[in-house]
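Chain and residue survey
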Amino acid sequence: MNDTILEIRNISKSFSGVPVLEDINMSIKKSEVHVIVGENGAGKSTLMKIISGVYRKDKGDLFFEGKPVQINSVQKALNVGIGIIHQEFNLLPHRSIGQNIFLGREPIKSNFLKVIDHDLICKKSKELLDYLGLDIDPRTLVYNLGIAQQQMVEVAKALCFKSKVLIMDEPTATLTRKETVKLFEIIRKLKSEGVSIIYISHRLEEIKQIADTLTVLRDGRIVGDLSIENASIDQIIRMMVGREIKDQYKRQYHMHGEEVLKTENLGAKRFSNVNINVHRGEIVGLSGLVGAGRTEIAKTIFGEDAIEKGSVNIYGKKYHRMSTQKATKLRIGLVPEDRKEEGAIMEMSIRHNIVHAVLPRLFKSSVISKKTELAVATKYMEELGIKAPSVNKLVKLLSGGNQQKVVIAKWMCADCEILIFDEPTRGIDVGAKAEIYGIMSELVERGKAILMISSDLPELIGMCDRIYTIKDGMVTAEFSRTEATQEKILAACV
Ligand SMILES: Nc1ncnc2c1ncn2[C@@H]1O[C@H](COP(=O)(O)OP(=O)(O)OP(=O)(O)O)[C@@H](O)[C@H]1O
Ligand SMILES: [Mg+2]
């Protein structure tokens, strides 16, 4: 009992009368990695937000180091010793790394003049970045960082507080394998220094590597605790979703149709001389490390970034210039990597978001009826299992994974011929992943063409007909479905 650092007792929480957490009991031990898993919308982030002072609980008690604590603000949580790295980052893009780490508690040079000590910020931030093994100048603006680096800034920010309990809400969702390995090293180091980590992830295969204890949440309740030595991944999945998931990747392979997308010596800011193609009925993968240029290639094809060299050929026609309007007219869709920034309109309803991409098209035929809109939105909401009381719920009120499903639904209902998916299953639970793979398979069965970027190698190998590897903005290899193995792909990526 005395090695418990944080005790959660009978915590309940509702949002506008809808219960999200019911009677949660959990104890976090000193120096342990306590993993929490559960489907999208199970209540994981809500529970973490209660512990870290973002939300107020309706009922229940918290004990820290054996004493009852009232955590009613983020500041209070930090003072007690509980830090959190949120699923959605909270960084200010136009400030430097150092300014973000010390935001709201900047060291002052002299009490009289209240001048911020930028040198000290810089020095201390550098130490933190060094500790994390990152070779970046702390004066770099966050705006210029990739997602993985931003994630590390969040970690640095949390470390800076010397938390005794550090919550990580899906820290690896945006990281590649190499960066994940590095994060795990940091977690082990923190653990050896007596820090407890509460760790949330949908990447079940990594849990075995890092967890000491595992708690499964389903529909706002604890279904069980497992000691990690005795738990198998299948068992965890069964507890999470209440059913077995077999054959996630249900692809059928046929002859391909005509070539619909081709890049010819395509070059732009971060890549050059890219020659790739996709046929109807085909899923083609792009593999590579974060920052290799995969997302930039996708954005250039979709007209978001300018073509600098070469061309994009669509249905055999050459384009030296592309815009998102033109791409949308040509029935190209892009499910972006950064769904918060570029994907969903947070202040709007699920219904509006899903129908948004197709609105112009529905308009062309006739005036859009509320009925059609409702029917379309409801269909996709059900198909993807978006968890919400109604299609009118605002997207910002959904759980992280459900927000992503909304963006995917939006492009799926846009009836595109060529679909580009950038990390489609990031942050998505196992059950919904299988649904998304199913829908992708169905799309190519119907003759659509898919280009898929993913850092999840088993997923790429399971889903793709062919895989290109990208390194430093160049295509380094191409593998057919039968040739592709994780080892070969990794070797071509690094
Ligand atoms: N501020 C809010 N207002 C209303 N409902 C909310 C709010 N925050 C969360 N919810 C609802 O609470 C439920 C649990 O959400 P939560 O974010 O805790 O899920 P999660 O387990 O973290 O899921 P994910 O794996 O998708 O991140 C969801 O149904 C969500 O819509
Ligand atoms: Mg969450």
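Residues numbered from 1 in each chain as written. Chains lettered and ligands numbered in written order. Predicted model: local features only at pLDDT ≥ 70, side-chain atom pairs only at ≥ 80, totals over all residues. Heavy atoms only, no water.

The six strands lie next to each other as E17-E18-E19-E14-E20-E21, forming an open sheet whose pairing is mixed. With one partner strand each, in any of the chains shown, strand E17 (332–335) and strand E21 (474–480) form the two edges of the open sheet. Across the sheet, the axes of successive neighbouring strands diverge by a mean angle of 20°, strand direction being ignored. Looking at chain direction, E17 and strand E18 (residues 418–422) are connected through four bridges and run parallel. Bridge assignment links Leu334 to a residue of E18, and that residue is Ile420. Its contacts with the sheet place helix H9 (residues 294–301) against strand E14 (283–287), E17, E18, strand E19 (449–453) and strand E20 (466–471), and it is angled at close to 145° to E19. Against the sheet, helix H18 (residues 486–493) makes contact with E14, E20 and E21, and its axis sits at roughly 30° relative to E20, the strand it touches most. (Pairing = 2+ DSSP bridges. Helix = DSSP H or I, 4+ residues; strand = E, 2+ residues; numbered from the N terminus. Axes fitted to C-alpha atoms, helices over the stretch in contact; angles between N-to-C directions. Contact = heavy atoms within 4.5 Å.)

As a further point, take the pairing of E19. The buried count for E19 comes to five of five residues, which makes it a mostly enclosed element. In E19, alternate side chains face the same way, and those of Ala449, Leu451 and Ile453 on one face and Ile450 and Met452 on the other are all buried. When E14 meets E19, the two strands line up parallel, connected through four bridges. The residue bridging Leu286 from the neighbouring strand is Ile453, located in E19. Bridging between E18 and E19 involves five bridges; their strand directions are parallel. Bridge pairing links Ile420 to Leu451 in E19. Handedness of the crossover joining E18 and E19 through helix H16 (residues 430–445) is recorded here as right-handed. (Buried < 20%, exposed > 50% of the residue type's maximum accessible area, 1.4 Å probe, protein only. Right-handed = clockwise from strand over helix to strand, strands pointing away.)

None of this, on its own, says anything about what the molecule does.
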